[in-house]
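Below, each chain spelled out in residue letters.
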Amino acid sequence: NCNVVIPGATETEAWSRLEASSGLDTGSIFNSVKKRSPMGKGLSPRDIGDVVAFLCGDHGGRFITGVSLPVDAGLHLLMK
(Lines give C-alpha, C1' and ligand atoms only; values in the text may rest on other atoms or scores of the structure.)
Protein backbone atom coordinates (compact mmCIF):
# COMPACT_ATOMS: atom_id res chain seq x y z
CA ASN A 1 0.00 0.00 0.00
CA CYS A 2 1.10 3.55 -0.60
CA ASN A 3 -0.61 6.54 0.99
CA VAL A 4 0.37 10.12 1.73
CA VAL A 5 -0.50 11.92 4.97
CA ILE A 6 -0.53 15.70 4.51
CA PRO A 7 -0.28 17.24 7.97
CA GLY A 8 -1.55 20.71 8.69
CA ALA A 9 -0.09 23.13 11.23
CA THR A 10 1.11 20.85 14.01
CA GLU A 11 2.13 22.17 17.40
CA THR A 12 5.76 21.11 17.72
CA GLU A 13 9.03 22.57 18.94
CA ALA A 14 9.63 23.84 15.42
CA TRP A 15 7.25 26.74 16.13
CA SER A 16 9.35 27.78 19.15
CA ARG A 17 12.59 27.47 17.18
CA LEU A 18 11.12 29.58 14.38
CA GLU A 19 10.09 32.25 16.88
CA ALA A 20 13.55 32.25 18.48
CA SER A 21 15.38 32.52 15.16
CA SER A 22 13.06 34.94 13.38
CA GLY A 23 11.41 37.00 16.08
CA LEU A 24 7.97 36.17 14.69
CA ASP A 25 5.17 35.75 17.20
CA THR A 26 4.52 32.14 16.24
CA GLY A 27 2.07 31.64 19.12
CA SER A 28 -0.23 34.24 17.56
CA ILE A 29 0.22 32.72 14.11
CA PHE A 30 -0.62 29.22 15.37
CA ASN A 31 -3.66 30.52 17.29
CA SER A 32 -4.87 32.28 14.14
CA VAL A 33 -4.57 29.04 12.18
CA LYS A 34 -6.54 27.19 14.88
CA LYS A 35 -9.31 29.80 14.83
CA ARG A 36 -9.63 29.62 11.03
CA SER A 37 -9.86 25.86 10.98
CA PRO A 38 -13.42 24.51 10.60
CA MET A 39 -12.81 22.32 13.66
CA GLY A 40 -11.36 25.22 15.65
CA LYS A 41 -8.35 23.15 16.66
CA GLY A 42 -4.67 22.81 16.05
CA LEU A 43 -2.95 19.48 15.67
CA SER A 44 -0.57 17.64 17.92
CA PRO A 45 2.06 15.16 16.74
CA ARG A 46 -0.15 12.47 18.34
CA ASP A 47 -3.02 13.43 16.01
CA ILE A 48 -0.82 12.83 12.97
CA GLY A 49 0.59 9.63 14.47
CA ASP A 50 -2.90 8.27 15.10
CA VAL A 51 -3.76 8.65 11.41
CA VAL A 52 -0.51 7.00 10.33
CA ALA A 53 -1.12 4.14 12.80
CA PHE A 54 -4.62 3.66 11.40
CA LEU A 55 -3.35 3.52 7.82
CA CYS A 56 -0.63 1.03 8.79
CA GLY A 57 -2.86 -1.10 10.99
CA ASP A 58 -5.07 -4.10 10.37
CA HIS A 59 -8.30 -2.43 11.49
CA GLY A 60 -9.15 -0.47 8.39
CA GLY A 61 -6.01 0.84 6.76
CA ARG A 62 -5.18 -2.40 5.02
CA PHE A 63 -7.81 -1.71 2.34
CA ILE A 64 -6.84 1.92 1.79
CA THR A 65 -4.22 2.63 -0.87
CA GLY A 66 -3.34 5.44 -3.25
CA VAL A 67 -4.77 8.15 -0.98
CA SER A 68 -3.45 11.62 -0.22
CA LEU A 69 -5.04 12.34 3.14
CA PRO A 70 -5.01 15.88 4.52
CA VAL A 71 -4.93 15.86 8.32
CA ASP A 72 -5.42 19.54 9.03
CA ALA A 73 -8.65 19.99 11.01
CA GLY A 74 -10.43 20.95 7.78
CA LEU A 75 -8.20 23.83 6.66
CA HIS A 76 -7.86 22.34 3.16
CA LEU A 77 -11.59 22.93 2.70
CA LEU A 78 -11.01 26.69 2.90
CA MET A 79 -8.40 26.66 0.14
CA LYS A 80 -10.59 25.39 -2.69
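For the structure, check the block above.
In this report, the structure presented in the accompanying data block is examined. (Residues numbered from 1 in each chain as written. Predicted model: local features only at pLDDT ≥ 70, side-chain atom pairs only at ≥ 80, totals over all residues. Heavy atoms only, no water.)

### Quick look at empty space enclosed by the protein
Per the stated rule, a full pass over the model turns up 1 cavity of 30 Å³ or more. What the largest cavity holds in volume is close to 50 Å³. Lining the largest cavity we find Gly8, Ala9, Phe30, Val33, Lys34, Lys41, Gly42, Leu43, Asp72, Ala73 and Leu75. A class-by-class count of the residues in the lining of the largest cavity yields 6 nonpolar, 2 polar and 3 charged. (1 Å grid on protein atoms, 1.4 Å probe; cavity = no way out; pocket = protein on both sides within 12 Å on 5 of 7 lines; lining within 4 Å. Points joined across faces, edges and corners; volume = space filled by probe spheres on them. Nonpolar A, V, L, I, M, F, W, Y, C, P; charged D, E, K, R; others polar.)

### Examining the side chain of Thr10
Tracing the chain through its elements places Thr10 in the loop between β1 (4-7) and α1 (13-22). Within the structure, Thr10 has its side chain in polar contact with the backbone oxygen of Gly8 (distance 2.9 Å). Setting aside residues up to four positions removed in sequence, Thr10 forms contacts with Trp15, Phe30, Leu43, Ser44, Pro45 and Ile48. (Helix = DSSP H or I, 4+ residues; strand = E, 2+ residues; numbered from the N terminus. Polar contact = N/O pair within 3.5 Å; in protein donor to acceptor, adjacent residues only side chain to side chain. Contact = heavy atoms within 4.5 Å.)

### A word on the state of the cysteines
As enumerated under the stated definition, the model contains 0 disulfides in all. There is no disulfide at Cys2, and the cysteine sulfur nearest it, in Cys56, is 11 Å away. (Disulfide = S-S within 2.5 Å.)

### Focus on unusual backbone geometry
For Ala73, which is not a glycine, the phi torsion comes out positive at approximately 60°. Locating Ala73 in the fold gives a position in the segment after β2 (68-71).

### Things to note about the pattern of salt bridges
Following the criterion strictly, the structure yields 2 salt bridges and no others. Linking Glu13 and Arg17 is a salt bridge whose minimum nitrogen-to-oxygen distance equals 3.7 Å. Note that Glu13 and Arg17 are positioned in helix α1 at a spacing of 4 residues, about one turn of the helix. In this structure Arg17 comes out as exposed when scored by relative accessible area, which is 53%. Notably, a salt bridge pairs Asp50 with Arg46, separated by 3.1 Å at the nearest N-O pair. Placement of both Asp50 and Arg46 in helix α3 (residues 45-56) is noted, with a separation of 4 residues, approximately one turn of the helix. A relative accessible area of 61% places Arg46 in the exposed class. (Salt bridge = Lys/Arg side-chain N within 4 Å of Asp/Glu carboxyl O. Buried < 20%, exposed > 50% of the residue type's maximum accessible area, 1.4 Å probe, protein only.)

Keep in mind these numbers describe shape, not what the thing actually does.
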